[in-house]
Amino acid sequence: MPLSSRHLLGLQGVPKEDIQLILDTANTFKEVLARPIKKVPTLQGKTIVNLFYESSTRTRISFELAEKRLSADTVNFSLSTSSVKKGESLKDTVKNIEAMKIDMIIIRHSAAGTPFYLTKICDANIINAGDGTHEHPTQALLDMYSIREKLGKIEGLKVCIVGDILHSRVALSNIFGLETMGVKVSVCGPSTMIPRQIEELGVDVIYNIDEAIQENDILNVLRIQLERNAGENFPSLREYAKYFGITKERLEKSGKEILILHPGPINRGVEISSEVADGSNQIILDQVTNGVAIRMAVLYLLGTLN
Ligand code: CP
């Protein structure tokens, strides 16, 4: 069964069967990644452009690795050395890249809706690698894969997304994806960082982090996005850490085992302490490892649809 769309723009409205197929396909690629020679010829002859208008470490490198592991030809667009610096528009940039006969575009951009816009102006498969505060679908897919790998299931679990929900594309993709997979999702953070009417997405809102720990199986801890002026939403980072930071003391006091995820990059000592970020409850680097397998799965499923 192929995927129901030739693009991956977000997880809103993506059917359960598609998510299941991506997670199951990633299992196969995880096996490939465990071999001494971590490469298959699946996308030989395909050309993929990584068009990152915003900075990235994990997503950009794991997409590039995934493309190389699948034997695709890859091109990395670097904003700082491109003609965008001479004033070239996004549309002209994409039309010119497409004229060089490419098959897929991985796009990260600060403007929500940019991946959808690209589907209107070019024929390549488009994958959203994060668009503004909208969605980051491959992050949510790798989060779900990592949960399933660690706990053996997704359906029926209770997941709380903690922190800067207001600016988070990871939060929105997780809410859509997890709810589709039968998870009870809640969010926790200062009221200034919880979008109004978020309950309409079917999530519960918890304002007390100790309560969130008690009531959930998993915390997905988000970074405070200082580059999007998140620091204006509470008096100080110290106060944020005191009331919402995930610390060893807080977890010990709760008296329960809880799984900790974080999409990275981490503000150590703000939303999560170093002891927890490096401790036994977390699977943060497993998430990064699984990101390559998930992106291989998405590239394979979209790249072989045409
Ligand atoms: N999680 C994530 O998107 O990290 P990067 O910004 O480093 O890609």
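Figured I'd write up the structure that's included with this text. (Residues numbered from 1 in each chain as written. Predicted model: local features only at pLDDT ≥ 70, side-chain atom pairs only at ≥ 80, totals over all residues. Heavy atoms only, no water.)

### Points about empty space enclosed by the protein
Sizing a probe to match a water molecule and rolling it over the atoms shows the empty space that remains.
Here comes step 1: Counted according to the given criterion, the structure contains one cavity of 30 Å³ or more.
Here comes step 2: Within this model, the largest cavity holds a volume of roughly 70 Å³.
Here comes step 3: Taken together, R58, S62, Q139, L142, H262, P263, G264, I284, Q287, V288, G291 and R295 form the lining of the largest cavity.
Here comes step 4: Secondary structure elements with two or more residues in the lining of the largest cavity: α2 (58-69), α5 (137-151) and α11 (284-303).
Here comes step 5: Considering each element in turn, the lining of the largest cavity owes the most residues, five residues, to α11.
Here comes step 6: Tallied by class, the residues present in the lining of the largest cavity amount to four nonpolar, six polar and two charged.
Here comes step 7: Inspection of the lining of the largest cavity shows a minimum of three residues originating in each of domain 1 (16-136 + 288-303) and domain 2 (137-283). (1 Å grid on protein atoms, 1.4 Å probe; cavity = no way out; pocket = protein on both sides within 12 Å on 5 of 7 lines; lining within 4 Å. Points joined across faces, edges and corners; volume = space filled by probe spheres on them. Helix = DSSP H or I, 4+ residues; strand = E, 2+ residues; numbered from the N terminus. Nonpolar A, V, L, I, M, F, W, Y, C, P; charged D, E, K, R; others polar. Domains from an automatic or database assignment.)

### Some thoughts on the sheet that holds strand β2 (residues 73-78)
Here comes step 1: Here four strands make up an open sheet; going across it, the order is β2-β1-β3-β4 and the pairing parallel. The two strands at the open ends of the sheet, each matched to only one other strand, are β2 and β4 (125-131). Ignoring strand direction, the axes of neighbouring strands in this sheet form an average angle of 15 degrees.
Here comes step 2: In the sheet, strand β1 (residues 47-52) pairs with β2 via six bridges, with the strands oriented parallel. Bridging across to β2, T47 finds its partner in D73. (Pairing = 2+ DSSP bridges. Axes fitted to C-alpha atoms, helices over the stretch in contact; angles between N-to-C directions.)

### Quick word on the pattern of salt bridges
Here comes step 1: Summed over the entire model, instances satisfying the criterion amount to 11 salt bridges.
Here comes step 2: Residue E64 is joined to R60 by a salt bridge in which the shortest nitrogen-to-oxygen separation is 3.4 Å. In this pair, E64 and R60 both sit in helix α2, four residues apart, roughly one turn of the helix.
Here comes step 3: With relative accessibility at 26%, the residue R60 sits in the partly exposed group.
Here comes step 4: The residue E64 makes a salt bridge to K68 at a minimum N-O spacing of 2.6 Å. One end of the pair is E64 and the other is K68, both in helix α2 and four residues apart, which spans about a single turn.
Here comes step 5: Overlapping salt bridges bring together R60, E64 and K68 as one network. (Salt bridge = Lys/Arg side-chain N within 4 Å of Asp/Glu carboxyl O. Buried < 20%, exposed > 50% of the residue type's maximum accessible area, 1.4 Å probe, protein only.)

### As for helix α3 (residues 90-98)
Here comes step 1: Along α3, the residues that are buried comprise L90, T93, V94, I97 and E98. Along the axis of α3, the buried positions cluster into a sector of 130 degrees, meaning they face one direction only.
Here comes step 2: The elements touched by buried residues of α3 are β1, β2, β3 (104-109) and α4 (114-121). (Arc of directions from axis to C-beta. Contact = heavy atoms within 4.5 Å.)

By themselves, these figures tell us nothing about what the structure is for.
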